[in-house]
Amino acid sequence: MQKENLPDDAGLTTQGYSSQGNGSILLIACGALAREILDIKKRNGWDHLALTCLPAILHVHPERITQAVEDSVLKHKDQYDQIFVVYADCGTGGLLEKACDRLGVEMIKGPHCYSFFEGNQIFAERGEDETTAFYLTDFLARQFDAFVWKPLGLDRHPELRDMYFGNYTKLVYQAQTDDPNLTERARACADKMGLAFERRLTGYGDLETTMSDWANRPSKT
């Protein structure tokens, strides 16, 4: 997976990422997806796709996502032939979709990245069988403390663990890459939470197929 000139996970979490170049299409994405998007882009030779990522930590405050995406669209709309948004609903309660419709930009389908990584149709078919599952992606396996443990105050009050996770039965690690080290990190997260562990090698799921559709769209100009 491409790592050159890419900030570390801490940078993606708090600062985001920008690699705009001279592409005709801009993807506005969550920083948690930067590595995956850049890898897909590199493997397919889609040099006409530019990328800017908002800080991944926005997911801790989903009420801020819609405005941040809208500001980014307005900032870049005159520089690109087309703009696509690589956020699912992500806890915005439909507000992000409404904003994208108003701005005339398309966003990736799905309620969240766990759904589109697994494949939205497959995820929906699992339905109620997954209501007690807690999900991790590659990024979240690396950034578990920053996104889960510390925001919930469990670094200071570990005795609250059962209050937060008592209704969960398992941690599902959706692996985008076949990395034994990440698998062990995800397993350690499950142990920390007191949950059963399940690993699914999802790859990039609907993220890759959606990017392929966007990359091959005819130019609007």
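Refer to the preceding data block for the structure.
Residues numbered from 1 in each chain as written. Predicted model: local features only at pLDDT ≥ 70, side-chain atom pairs only at ≥ 80, totals over all residues. Heavy atoms only, no water.

Novice: Where do I start with the overall build of the protein in this structure?
Specialist: A count of helices and strands for the protein gives eleven helices and eight strands. Projecting the C-alpha coordinates of the protein onto the three principal axes gives extents of approximately 55 × 35 × 35 Å. Counting over 221 residues, the protein shows a buried share of 49%. A fraction of 71% describes how many contacts in the protein between residues 6 or more apart in sequence connect residues 24 or more apart. (Helix = DSSP H or I, 4+ residues; strand = E, 2+ residues; numbered from the N terminus. Buried < 20%, exposed > 50% of the residue type's maximum accessible area, 1.4 Å probe, protein only. Contact = heavy atoms within 4.5 Å.)

Novice: Can you walk me through the environment of Ala141 in this structure?
Specialist: One can find Ala141 in helix α7 (residues 138–142). Look at Ala141 and you get buried, because its relative accessible area is 4%. Taking the C-alpha atoms as reference, Ala141 lies 30 Å from Ala99; in sequence the two are 42 residues apart.

Novice: What's the story with the sheet that holds strand β5 (residues 106–107) in this structure? I'm lost.
Specialist: Sheet strands line up and pair through hydrogen bonds in the backbone, either parallel or antiparallel. Overall, mixed pairing links the five strands, which are arranged β1-β3-β2-β4-β5 in an open sheet. A strand with exactly one partner marks an edge of an open sheet, and here the two such strands are β1 (17–19) and β5. Bridge count for β1 against strand β3 (residues 49–54) is three bridges, and the pairing is antiparallel. Bridge assignment links Tyr17 to a residue of β3, and that residue is Cys53. In the packing of helix α11 (residues 206–215) onto the sheet, contacts are made with β2 (25–30), β3, β4 (82–86) and β5, and the angle to β4 comes to roughly 175 degrees. (Pairing = 2+ DSSP bridges. Axes fitted to C-alpha atoms, helices over the stretch in contact; angles between N-to-C directions.)

Novice: Help me out: how do you make sense of helix α2 (residues 34–44) in this one?
Specialist: In an α-helix, one turn spans 3.6 residues; hence positions three or four apart end up facing the same way. With eight of eleven residues buried, α2 is to be regarded as a mostly interior element. Where α2 is concerned, the buried positions are Ala34, Arg35, Glu36, Ile37, Leu38, Asp39, Ile40 and Lys41. Phi turns positive, to about 70 degrees, at Gly45, one or two residues after α2.

Novice: Where do I start with unusual backbone geometry in this structure?
Specialist: Only a minority of non-glycine residues have a phi that is not negative, and only a minority of peptide bonds are not trans. With a phi close to 55 degrees, Cys90 is a non-glycine residue in the positive phi region. With respect to the helices and strands, the residue Cys90 is situated in the loop between β4 and α4 (95–103). Judged by its relative accessible area of 13%, Cys90 falls in the buried class.

Novice: Looking at this structure, how should I read the nonpolar core?
Specialist: Buried together is how nonpolar side chains tend to be arranged in soluble globular proteins. In terms of nonpolar packing, the biggest core is built from 66 residues, with Leu27, Ile37, Tyr87, Leu136, Leu171 and Leu207 touching the most fellow members. The leading source of residues in this core is β2, at six residues. The contacts of Leu136, once residues within four sequence positions are left out, are Ala141, Phe144, Leu171, Val172, Tyr173, Gln174, Ala186 and Cys189. (Core = buried A, V, L, I, M, F, W, Y, C linked by side-chain atoms within 4.5 Å.)

Novice: What exactly am I supposed to notice about helix α3 (residues 65–76) here?
Specialist: Relative to the 16 Å expected for twelve residues at 1.5 Å per residue, α3 spans 17 Å between its end C-alpha atoms, a close match to the ideal helical length. Among the residues making up α3, those that are buried are Ile65, Thr66, Val69, Glu70, Ser72, Val73 and His76. One face of α3 carries all of its buried residues, which in axial projection span an arc of 160 degrees. (Expected span 1.5 Å × (residues − 1). Arc of directions from axis to C-beta.)

Novice: Just checking my understanding: could you explain the pairing of β4 for this structure?
Specialist: Looking along a regular strand, one sees side chains alternate from face to face of the sheet. Burial analysis of β4 places five of its five residues in the buried class, which makes it a mostly covered element. Alternating residues of β4 divide into Gln82, Phe84 and Val86 and Ile83 and Val85, and every residue in both groups is buried. Pairing of β2 with β4 involves five bridges; the strand directions are parallel. Paired with Ile28 across the strands is Val85, a residue of β4. Sheet topology places β4 next to β5; two bridges connect them, and they run parallel. In the sheet register, Val85 faces β5, and the bridge partner there is Met107. In this fold, β4 hands off to α4, which returns the chain to β5; that crossover is right-handed. (Right-handed = clockwise from strand over helix to strand, strands pointing away.)

Novice: How should I be thinking about the environment of Cys53 in this particular structure?
Specialist: In this structure, Cys53 sits in strand β3. Note on Cys53: relative accessible area 4%, which makes it buried. Taking the C-alpha atoms as reference points, Cys53 and Ser19, 34 residues apart in sequence, are found 8.8 Å from one another. Once residues within four sequence positions are removed from consideration, Cys53 is found in contact with Gln15, Gly16, Tyr17, Ala29, Cys30, Gly31 and Ala34.

Everything listed is a geometric property; what it means functionally is a separate question.
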